[in-house]
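Now for the letters of each chain:
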Amino acid sequence: MPVPTITGSNSVCVGSTGNIYTTEAGMSNYAWIISAGGTVTAGGGAGDATVTVTWTTSGAKTVKVNYRNANGCSATTATNYNVTVNALPNPVIAGTNQACLGSTITYSTLAGMSNYTWVVPAEGTVVSGGSTSDNQVKVNWNTTGIHTISLNYTNPSMCSAVTPTNYAVTVFELPTPTISGPADACKGGAVTVYTTEPGMTGYIWSISGGTITAGGSANSNTATVVWNTVGTQTIRVNYYNANNCAAASPFVYPVNVIAPAPPTCPANRVVCSDDIPFNLIGGTPAGGVYSGPGVTLSGVNYIFNPATAGPGVHTIAYTMPNICADQCTFTITVNETPVGSASAPTICSGYPTDILLNSTVAGTAFSWTASVISGSVTGYTNCGGTCGNMITDTLINNLIVNPGAAGANAVVRYVVTASKNGCSNTFNVDVTVRPQIKTYNLTWNSNFVEDFIEVCAGAEALSDNDIEVLDPSNGNLVGPTQIPASWNPEFLYGPSPLGPWTSAPGSYKGGAYYEWLVDFSINNRLGYHYFIMQITDPLTGCIKYSNPAILNVVSALIVEAGDPEFICDGSDVLLTGAFVGGLSSAAITGRWTITSMNPAFGNNGTLSNTNYNKSCRSCIYSACRIYRDSNADINHQRSVGFMCGHYGYKNHKCGSSHFIHGMY
């Protein structure tokens, strides 16, 4: 039995070609078997004693062969030939792929390889390494852009990558820091801010002749500086840009520092918010710049506008346009000018205006003048002192119209001045006064005006105890023809001339005229009673009252003087039996009054001694009540007769008076 043999490379690299495997020649029926990962590229047929293989995958592979020898015999099993297919290396380059112009970077790969092949582009200069035995190379980049380093090597299996590894390196331009800020500064003056490009990292600020008071940190693109040394000083900055590159050296910014010389400001000032804008003057030396709330530049003049600045105390700066920006300040106090307002009312004639004056400023004082701008009106007043915030004039439109008739309104204009802290504003309030409605008279007598009547308690006023309405212009009775029913004529009652008014007790009598029957219960209530008629304009709501009709219910007294008396001379008589009673609204007081006496000696209430002759004399006395208002006497008399003596003249005491007390 034959024993086939195989010769050929048993250790190869992936992708290697032309790998020839050979067995004994001169045989027949060759049977070649190549394991997966191997591709036959030549031979390998039944008549071929060789096979050419390309290995495409790594790992343990086999090549098998069998054949028939000259005797027609074959091996029991094919001969197996082991082949190791080694993977190709994949060179990896370590090192930053982003570099700054001028930087030196070390790039490295795996150690222990052979035949290192480093290729560095012309934009970089090899500083060290990079030979066939070096697994690293140090490169200084001298040109910006994207540059490629390539590398290949042979691994211990003697395999190399099919193609070198390319490693792209981006070389960035270095930043160019700048500083913006005043090139001239004032020693110890206002802080000065210096600024460099924002959005960077690792800011490095440094300064000479000054102090950084704010900013200036690694995270700040500004530095706030107070300069404390006169002369040329410097501020420096460097930073890392977005590519983490810094300038080769910091940017140096020279600053000229001088000493200050402050100007002089004008005096403080107080103005009103509605004052017209005015020029700012008075700062010395001339040529400075005014600034602050409400300040604007118009041409060569600086203007302060109180309205723009608004109420309050405003600090205005006067700054010299020099290196130090030397500055002084003064204040302009703007007092708010009160803006007054009020609703323009329309009122009925004879009504108060009741105008509430408002202001945009608390504590505003008001004054006003008034004048008629249309129609004829009385009752308006001027107020030039402390007037409060209400106008309460009662205005009368002198145009009188009948109910239902049209008439022109009158207008009174109040020119109101609102003042506070020396600031004032004037506004107008026009009050429209409707025409005056005609006044009617109430009377207890339909033939003429009898608006006051007095009755004893329980007595009837005139014949019907009723009130009529008379037209004062012609004395005629008034009904719906003169006052339309739509004006809702209503009789009202009150216990005083000022009310309070309620519906009058009683009822309409009916007929062609307005006539009110007063409920008779009123006539039993002592004192004054007042009746008016109210009418209401259905279009304007204006109310008009008539002149009142007055009823005075007085006492109804019962007065008795007593029986006659007859006395002898020298006797004293006590007059008894007198009585005063009945309804009365006050204490009833009666008294004796001498009405006739012969001889006419004595006084009311007290009789003196009197000389009488033999002839009889008589004295008549009366008990009476004098009414408070009418002074009318009601006399109830009693007589006292005197008996005369027999001798000449004697003294006789006629009697003494007594007062009768009670209620009326």
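Predicted, not measured: the structure shown is a model, and the values here were computed from it.

Asker: For the state of the cysteines, give the residues involved together with the corresponding values.
Answerer: Tallying each qualifying case throughout the model produces 6 disulfides. The residue that forms a disulfide with cysteine 265 is cysteine 328, at a sulfur-sulfur distance of 2.0 Å. The S-S bond linking cysteine 265 to cysteine 328 shows a torsion near 100°; that makes this disulfide right-handed. Taken together, the residues cysteine 265 in the loop between β21 (251-258) and β22 (269-272) and cysteine 328 in strand β28 (residues 327-335) connect sequence positions 63 residues apart.

Asker: I'd love a proper account of the pattern of salt bridges, names of residues and values included.
Answerer: Close approach of charged atoms allows side chains with opposite charge to pair. A full pass over the atoms with the stated rule returns 5 salt bridges. Of the charged contacts in the structure, one is a salt bridge between aspartate 471 and lysine 438, with a shortest N-O distance of 2.7 Å. Within this pair, whereas aspartate 471 is found in the loop between β44 (466-470) and β45 (490-494), its partner lysine 438 is found in the loop between β41 (436-437) and β42 (441-443), the two being separated by 33 residues in sequence. Under the relative-accessibility criterion, aspartate 471 is labelled buried at 7%.

Asker: Describe in detail unusual backbone geometry, supporting the description with residues and values.
Answerer: Of note, the amide linkage connecting threonine 284 to proline 285 takes the cis form, showing an omega dihedral of -5°. Relative to the assigned elements, proline 285 resides in the loop between β23 (278-279) and β24 (289-291). In this structure, the amide linkage connecting glycine 499 to the following residue, proline 500, adopts the cis form with an omega of 0°. Of note, proline 500 is situated in the loop between β45 and β46 (502-503). If you check the backbone angles, aspartate 354 has positive phi at about 45° while not being a glycine.

Asker: Could you give me a rundown of the sheet that holds strand β47 (residues 506-508), with the residues and numbers involved?
Answerer: The 4 strands lie next to each other as β42-β44-β48-β47, forming an open sheet whose pairing is antiparallel. Each edge of the open sheet carries a strand with a single partner, namely β42 and β47. Strand-to-strand twist across the sheet, computed as the mean angle between neighbouring axes with direction ignored, equals 25°. Looking at chain direction, β47 and strand β48 (residues 515-518) are connected through 3 bridges and run antiparallel. By the bridge assignment, glycine 506 is partnered in β48 with valine 518.

Asker: Explain the pairing of strand β6 (residues 59-68) to me, and be specific about the residues and the numbers.
Answerer: Sheet topology places strand β3 (residues 28-34) next to β6; 5 bridges connect them, and they run antiparallel. Its bridge partner lying in β6, tryptophan 32 is registered against valine 65. Alignment of β6 against strand β7 (residues 79-86), held across 7 bridges, turns out to be antiparallel. Within β7, the position partnered with valine 65 by the bridge is threonine 79.

Asker: Talk me through the environment of alanine 461; I want residue IDs and the actual numbers.
Answerer: With respect to the element layout, alanine 461 can be found in the loop between β43 (452-456) and β44. With a relative accessible area of 1%, alanine 461 lands in the buried category. Along the sequence, alanine 461 and asparagine 445 sit 16 residues apart, while their C-alpha atoms lie 9.5 Å from each other. With sequence-adjacent residues up to four places away left out, alanine 461 is seen in contact with Trp444, Ile453, Val455, Asn523 and Leu551.

Conventions adopted
Residues numbered from 1 in each chain as written. Predicted model: local features only at pLDDT ≥ 70, side-chain atom pairs only at ≥ 80, totals over all residues. Heavy atoms only, no water. Disulfide = S-S within 2.5 Å. Helix = DSSP H or I, 4+ residues; strand = E, 2+ residues; numbered from the N terminus. Salt bridge = Lys/Arg side-chain N within 4 Å of Asp/Glu carboxyl O. Buried < 20%, exposed > 50% of the residue type's maximum accessible area, 1.4 Å probe, protein only. Pairing = 2+ DSSP bridges. Axes fitted to C-alpha atoms, helices over the stretch in contact; angles between N-to-C directions. Contact = heavy atoms within 4.5 Å.

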